Amino acid sequence: MIIGTQVSINALLAFGVTFVIITGGIDLSLGSMVAVTGVVAATFAHPDTYPLAVPLLAGLGAGLLFGAFNGFVVTKSKVPPFIVTLGTMTIGRGLALILSKGRPVSNLSDPFNFIGGGNVFGIPFPIIILIIAFLVCSVILNKTILGRYMYAVGGNEPAARASGIGVNRVKMWVYTICGILSALGGILLTSRITTGQPNAGAGFELDAIAAAIIGGTSTSGGTGTMTGTLIGALLIGVISNSLDLLNVTSYYQQVVMGVIIIGAVVLDSAGKKERG
Amino acid sequence: MAETILRVKQLSRSFSGIKALDNVQLDLKKGEVHALMGENGAGKSTFMKILIGLLAADSGEIIFEGSHLENSNVSDTLKKGISMIHQEMLVIPELTVAQNIFLGREKEVTRKSGWPSLWLDDSEINRKAAELLKQMGVSIDPEARMKFLSVAQMQMVEIAKAISNNAKVIIMDEPTSAISDREVATLFGIIRELKAREVSIIYISHKMDEIFEISDTITVLRDGKYIATKAASELDNNSLIAMMVGREISQMFPENAGNHGEVVLSVQNLSSKGKFSDIHFQVRSGEILGLAGLMGAGRTEIARAIFGLDPLEKGEIKIRDQNVRIQSPQDAISKGIGYVSEDRKGLGFIPDMSVSDNIILSSLRQHRKGIFIDEKGKELTVNRIINELRIKTSGTDQKAVQLSGGNQQKVVIGKVLLASPEIVILDEPTRGVDVGAKVEIYKLIRNLSEKGIAIIMISSELPEILGMSDRILVLSKGRQTAVLSGKEATQEMIMKYAVA
């Protein structure tokens with residue numbers, strides 16, 4: 001069930017970045033957040049040291065702080081989110097290496113390793129986390145005031161501001177939520193490979209963004225759904241798995257994946273023209 | 001009788017089964033200004049898009065200079081001599097004036113000067129542009145970046161571009177919607193010059209007085225159908241409106257009962273550097289204060305400052321005798337101020353969101369259960385507003401961007417009203433709205449004032465200011481030059497103070 005874990009991690013990150021993209025932003029630091037939060041969690045997850053809650057809360061807390069920092073810089077400076085998170089991507093990678101002194105953090109407790117590798121009623125635990133996260137994210141996006149404000153901010157930011165919406169607060173929230181979801185991904189990965197790897201998660205942000213885009217989220221903001229993103233993540237997982245089974249080498253897999261991303265957007269925009 | 005340059009016969013075009021144009025005809029003479037009139041949705045823009053080759057017709061004929069225009073695209077029609085000046089100014093802001101004028105034709109210009117065709121000769125482009133602008137009698141630096149130009153200047157550049165393309169027909173889509181009266185005079189001067197050179201103009205506008213001032217012939221469309229073509233001299237305001245809306249409008253402006261209560265808003269010494277200074281006025285409950293002045297007089301800037309969109313340099317704002325500090329639209333809304341912006345697309349609504357989400361946007365917090373949206377309560381409120389304001393929509397989940405201009409405006413007004421304001425600032429409330437919807441918006445504004453809301457109405461249309469206001473504050477270059485009584489004021493008086 002490696003596939004299940006990999007899809008779960010990608011989907012969690014993709015949910016986070018979907019929120020951000022809907023508000024018209026972008027987050028490139030997802031992969032680095034995975035590494036930082038994974039290392040932080042692993043540091044507290046050695047056997048017979050702390051109860052399980054400590055590494056979990058430490059990892060999630062690190063993600064929350066990292067995400068909030070992204071949100072803070074994006075809202076307080078006029079620097080575009082692309083640049084801000086490009087910067088924090090590098091900062092995050094550096095932090096992960098500093099915290100781990102450049103070495104993998106291994107020897108983790110059994111309960112911690114259960115998160116990424118265990119089964120409940122025969123269902124891999126990562127899948128359960130994925131389903132819960134999907135439900136929570138869907139509810140936030142569709143049923144809460146915050147979710148509605150996200151669409152408003154991404155759809156027309158000046159109009160949202162003139163409607164009395166605290167645009168900066170909405171942005172703080174989305175980057176923070178994105179950080180927490182990345183931390184969840186980081187904990188899953190660390191638990192799955194039973195090591196806190198400072199070099200883990202490189203390039204994850206691109207797969208997550210790809211899942212959101214294949215799922216119909218517009219990079220110009222204002223549109224997108226969690227269901228779409230989930231389908232996007234599943235599609236990426238299923239396709240790379242089938243290509244594996246068909247013995248297609250990973251070099252060709254990358255080419256295929258790129259074609260699929262572009263194809264999905266082309267089809268989507270062609271469909272919009274037809275309807276519009 | 002002048003020679004016909006462009007004849008259109010039985011032109012039709014449908015979009016997914018709905019006829020946008022149904023057997024439309026047009027007969028354009030050389031050197032005439034031909035106004036194309038009709039409400040929003042009458043088919044004017046579809047018609048023009050077909051003329052310039054942006055859309056294909058389903059059936060019909062277009063005969064230009066004696067030959068059929070078929071399956072042509074934009075660059076074909078441009079070469080043949082049909083140019084359009086779009087309302088939203090399709091220019092490249094980062095390029096210079098000269099580069100914009102010769103965009104796509106750099107080779108033609110520079111080849112003549114002997115440069116190898118791969119090379120761009122900007123000095124030659126600049127020289128030619130300067131020559132062209134001088135001919136037109138406008139002083140615009142050809143090397144200035146487009147983004148630093150005013151809307152009126154951009155328009156002049158677009159006209160220069162059309163002229164340099166040897167345009168024989170120039171289509172102007174609402175050319176005066178965003179320029180000042182003085183700039184309109186310059187524009188009309190240039191149009192008259194073009195006429196003298198036998199260039200034909202198709203002129204689209206909602207402003208009646210302009211139509212009668214500049215056009216020779218008027219063609220009216222309604223619901224995609226051709227209604228009539230008449231000489232401008234045969235028509236007057238009322239007969240033209242009747243043709244456009246298909247019925248007589250007996251009364252543009254509703255009666256004013258004139259019941260005013262206590263002072264709700266008063267401002268003192270309001271100043272903002274470079275925009276306006278020393279503004280003071282008060283508005284009573286149930287009163288409509290008109291803000292008149294030329295483009296750039298500071299009217300919108302005052303509204304934006306009061307609403308917290310721009311910072312104030314100094315001055316006091318009092319609401320019901322309480323000093324208030326307003327630093328953001330959020331503050332303003334919570335203190336009972338509502339603002340309907342002139343820039344409906346930019347500040348008014350979220351295009352991709354539904355009608356219902358747009359209407360509820362400022363009052364979502366009053367429709368919640370915890371952090372969740374109270375969907376039922378929300379739908380009830382939205383439906384009430386849709387009925388009260390008579391918003392025409394296919395359903396509450398229709399996207400706001402799909403509504404007509406007048407209905408979009410009502411959505412924005414509905415959103416502002418739901419935040420229960422005591423003071424509503426309406427900035428050009430009928431801009432880009434057709435005549436029928438205008439009358440409804442006037443009624444709506446009057447209703448609000450009768451409910452005791454204090455209203456500040458900014459408008460560039462003098463009949464509107466005169467027809468609606470109890471008092472009129474006239475601004476000129478950021479200073480207030482007069483406060484006139486709505487009953488006694490005339491267009492001449494307002495203009496006198498507006499240029500003072």
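Note that the structure is predicted; figures quoted are calculated from it, not measured.

Asks: What is the right way to read the overall build of chain A from this model?
Replies: Broken down by element type, chain A carries 12 helices and two strands. Reading the helices (α) and strands (β) of chain A from amino to carboxyl end gives α-α-α-α-α-β-β-α-α-α-α-α-α-α. With the C-alpha coordinates aligned to their principal axes, the bounding extent of chain A is approximately 60 × 45 × 35 Å. Counting the 276 residues in chain A, one finds 53% classified as buried. Across chain A, the mean location of the 14 positive side-chain charges is 12 Å away from that of the 9 negative side-chain charges.

Asks: Explain the overall build of chain B here, please?
Replies: The secondary structure content of chain B amounts to 18 helices and 22 strands. Taking 2.2 N^0.38 as the reference for a compact globule, 500 residues should give roughly 23 Å; the C-alpha atoms of chain B span a radius of gyration of 25 Å, in line with that estimate. Overall size of chain B, expressed as C-alpha extent along the three principal axes, is 70 × 50 × 50 Å. Taking all contacts inside chain B whose residues are at least 6 apart in sequence as the whole, residues at least 24 apart take part in 66%. Split by element, the accessible area of chain B, about 22700 Å² in all, is 47% carbon and sulfur. Of the side chains in chain B, 63 bear a positive and 65 a negative charge, and the two mean positions are spaced by 2 Å.

Asks: Got a minute to help me understand the sheet that holds strand β13 (residues 288-293) of chain B in this structure?
Replies: Picture the strands of a sheet paired through backbone hydrogen bonds; they go either parallel or antiparallel. Residues and elements named next belong to chain B. One open sheet holds the six strands; their spatial order is β16-β19-β20-β13-β21-β22, and the pairing between them is mixed. Each of the sheet's edge strands pairs with one partner strand only, and the pair in question is β16 (337-340) and β22 (479-485). Strand after strand, the sheet turns through a mean of 20° between neighbouring axes, direction not considered. Across five bridges, β13 lies against strand β21 (residues 471-476) in parallel orientation.

Asks: Please explain the pattern of salt bridges as it appears in this structure.
Replies: Should their charged atoms come close, side chains of opposite charge can pair. On inspection of all chains with the given rule, the structure shows 30 salt bridges over all chains. Between Arg 148 of chain A and Asp 357 of chain B there is a salt bridge; the shortest N-O distance is 2.7 Å. Placement of the pair is Arg 148 of chain A in helix α7 (residues 145-155) and Asp 357 of chain B in helix α13 (residues 355-360), with the two residues belonging to separate chains. Relative accessible area serves as the criterion here: at 8%, Arg 148 of chain A is assigned to the buried category. Between Arg 127 of chain B and Glu 131 of chain B there is a salt bridge, with its nearest N and O atoms 3.1 Å apart. With a gap of four residues between them, Arg 127 of chain B and Glu 131 of chain B both fall in helix α5 (residues 122-136), about one helical turn apart. We classify Glu 131 of chain B as partly exposed; its relative accessible area is 43%. Via salt bridges that share partners, Arg 148 of chain A together with Asp 357, Glu 375 and Lys 378 of chain B belong to a single interconnected network.

Asks: I would appreciate a short explanation of helix α14 (residues 375-389) of chain B in the present structure.
Replies: Each α-helix turn comprises 3.6 residues. Residues three or four places apart therefore point the same way. All names here are of chain B. Taking 1.5 Å of rise per residue, the 15 residues of α14 would be expected to cover 21 Å, and the 21 Å separating its terminal C-alpha atoms lies within 8% of that figure. Residues Gly 377, Lys 378, Thr 381, Val 382, Ile 385, Ile 386 and Leu 389 constitute the buried set of α14. Looking straight down α14, one finds its buried side chains confined to an arc of 165°; they lie on one side. Along α14, the residues that are exposed and aim more than 90 degrees away from the buried face are Lys 376, Leu 380 and Asn 387.

Asks: Explain the UniProt feature "domain: ABC transporter" (unreviewed entry) in chain B here, please?
Replies: In this structure's numbering, the residues bearing the UniProt feature "domain: ABC transporter" (unreviewed entry) are residues 6-248 and 259-500 of chain B. The straight-line gap between the two end C-alpha atoms of residues 259-500 of chain B is 32 Å; of that span, 35% is helix and 27% is strand.

Asks: Which parts of the structure should I look at to understand unusual backbone geometry?
Replies: Across the chain, the bulk of peptide bonds are trans and the bulk of non-glycine residues have phi less than zero. All names here are of chain B. Backbone geometry places Asp 223, a non-glycine residue, at a positive phi of 50°. Within the secondary structure, Asp 223 is located in the loop between β9 (217-222) and β10 (225-231). When its relative accessible area of 60% is taken as the criterion, Asp 223 is described as exposed. Although it is not a glycine, Arg 390 adopts a positive phi angle of roughly 50°.

Asks: Hey, could you run me through the domain arrangement of chain B in this one?
Replies: When the parts of a complex come together, some accessible area is lost, and that lost area is often taken as the interface size. All names here are of chain B. As assigned here, chain B comprises domain 1 (4-245), domain 2 (255-336 + 421-500) and domain 3 (353-418). Its C-alpha centre places domain 2 at a distance of 25 Å from the equivalent point of domain 3. With 15 residues of domain 2 at the interface, the matching set in domain 3 holds 10 residues. Counting each side, the surface lost to burial between domain 2 and domain 3 is near 1000 Å², with a carbon and sulfur contribution of 70%. Of all residues in domain 2, Pro 421, Glu 440 and Leu 444 bury the most surface against domain 3, accounting for 41% of the area lost on that side. In this structure, the connection of domain 2 to domain 3 is made through two residue pairs in polar contact (both at pLDDT 80 or more).

Asks: Honestly, the interface of chain A and chain B in this entry has me stumped. Any pointers?
Replies: Taken residue by residue, the interface counts 22 residues in chain A and 26 residues in chain B. Taken together, both faces of the contact between chain A and chain B bury some 1900 Å²; the carbon and sulfur share is 63%. Counting the contacts that link chain A with chain B gives eight residue pairs in polar contact (both at pLDDT 80 or more). The set of elements that each furnish at least two residues to the side of chain A that touches chain B consists of α6 (125-143), α7 and α8 (157-162) of chain A.

Asks: What is the right way to look at the confidence of the model for chain A in this model?
Replies: Residues at a pLDDT of 70 or more form 97% of chain A, whose mean pLDDT is 92. Per-residue pLDDT, averaged within each element of chain A, yields its smallest value for helix α12 (residues 250-275) of chain A (79) and its largest for helix α3 (residues 53-76) of chain A (97).

Asks: Teacher, can you tell me more about the sheet that holds strand β14 (residues 314-319) of chain B here?
Replies: Residues and elements named next belong to chain B. On the basis of which strands lie adjacent, the open sheet formed by four strands has the order β12-β11-β14-β15 and antiparallel pairing. In this open sheet, the two strands that pair with only one neighbour each are β12 (276-284) and β15 (322-324). Averaged over neighbouring strand pairs, the angle between their axes works out to 20° when direction is ignored. With three bridges connecting them, β14 and β15 associate as antiparallel partners. Within β15, the position partnered with Lys 318 by the bridge is Asn 323. Contacts between helix α10 (residues 299-306) and the sheet are confined to β11 (263-272), β12 and β14, with β12 contributing the most and set at about 70° to the helix.

Asks: For this particular structure, what's the right way to read a positive patch on the surface?
Replies: Together, Arg 247, Arg 390, Lys 392 and Lys 443 of chain B make up a region of like positive charge exposed at the surface. Within the secondary structure, Arg 390 of chain B is located in the loop between α14 and α15 (405-418).

Asks: Where do I start with the packing of helix α2 (residues 30-43) of chain A against helix α10 (residues 204-214) of chain A in this structure?
Replies: Think of two packed helices as two axes; the pair is described by the angle between the axes and how far apart they sit. Residues and elements named next belong to chain A. Two elements in contact, α2 and α10, have axes separated by 6 Å at closest approach and are oriented at 125°. When the axes of α2 and α10 are compared, the pair comes out oblique. Every residue of α10 that contacts α2 at Leu 30, Gly 31, Ser 32 and Val 34 is listed here: Phe 204, Glu 205 and Ala 208. Residue composition of the contact of α2 with α10, by class: four nonpolar, two polar and one charged.

Asks: Looking at this structure, how should I read the packing of aromatic side chains?
Replies: For any pair of aromatic rings, the description consists of the separation of the ring centres together with the inter-plane angle of the planes. All names here are of chain A. A full pass over the atoms with the stated rule returns six aromatic pairs over all chains. Consider the rings of Phe 15 and Phe 134, whose centres lie 5.9 Å apart with planes at 45°: the pair is tilted. Remark: Phe 134 occurs in helix α6 and Phe 15 occurs in helix α1 (residues 2-22); sequence separation between them is 119 residues. Between Phe 114 and Phe 125 the ring centres are 5.6 Å apart and the planes differ by 45°, which places this aromatic pair in the tilted class. Of this pair, Phe 114 sits in helix α5 (residues 110-117) while Phe 125 is found in helix α6, placing the two residues 11 residues apart along the sequence. For Phe 125, a relative accessible area of 24% corresponds to the partly exposed category.

Asks: How do you make sense of the pairing of strand β19 (residues 423-427) of chain B when you look at a structure like this?
Replies: All names here are of chain B. Burial analysis of β19 places five of its five residues in the buried class, the great majority of the element. Where burial is concerned, the two faces of β19 agree: the one with Ile 423, Ile 425 and Asp 427 and the one with Val 424 and Leu 426 are both buried. The pairing of β16 with β19 spans four bridges and is parallel. Looking at the pairing, Val 340 lines up with Leu 426 of β19. Since β19 and strand β20 (residues 454-458) lie parallel, the crossover through helix α16 (residues 435-450) that links them has a hand, and here it is right-handed.

Thresholds applied
Residues numbered from 1 in each chain as written. Chains lettered and ligands numbered in written order. Predicted model: local features only at pLDDT ≥ 70, side-chain atom pairs only at ≥ 80, totals over all residues. Heavy atoms only, no water. Helix = DSSP H or I, 4+ residues; strand = E, 2+ residues; numbered from the N terminus. Buried < 20%, exposed > 50% of the residue type's maximum accessible area, 1.4 Å probe, protein only. Lys, Arg positive; Asp, Glu negative; His and termini not counted. Charge placed at Lys NZ, Arg CZ, Asp CG, Glu CD. Rg over C-alpha atoms; globule rule 2.2 N^0.38 Å. Contact = heavy atoms within 4.5 Å. Areas by Shrake-Rupley, 256 points an atom, 1.4 Å probe, with all protein chains shown as cover. Pairing = 2+ DSSP bridges. Axes fitted to C-alpha atoms, helices over the stretch in contact; angles between N-to-C directions. Salt bridge = Lys/Arg side-chain N within 4 Å of Asp/Glu carboxyl O. Expected span 1.5 Å × (residues − 1). Arc of directions from axis to C-beta. UniProt positions renumbered as here; feature names shortened; annotations may be inferred. Domains from an automatic or database assignment. Buried area = accessible area lost by both parts, 1.4 Å probe. Polar contact = N/O pair within 3.5 Å; in protein donor to acceptor, adjacent residues only side chain to side chain. pLDDT = per-residue confidence, 0-100. Patch = residues over 30% accessible without salt bridge, like charges linked within 9 Å, V, L, I, M, F, W, Y side chains within 5 Å. Parallel < 35°, antiparallel > 145°, perpendicular 65-115°, else oblique. Nonpolar A, V, L, I, M, F, W, Y, C, P; charged D, E, K, R; others polar. Phe/Tyr/Trp six-rings, centres within 6.5 Å; stacked < 30°, edge-to-face > 60°. Right-handed = clockwise from strand over helix to strand, strands pointing away.

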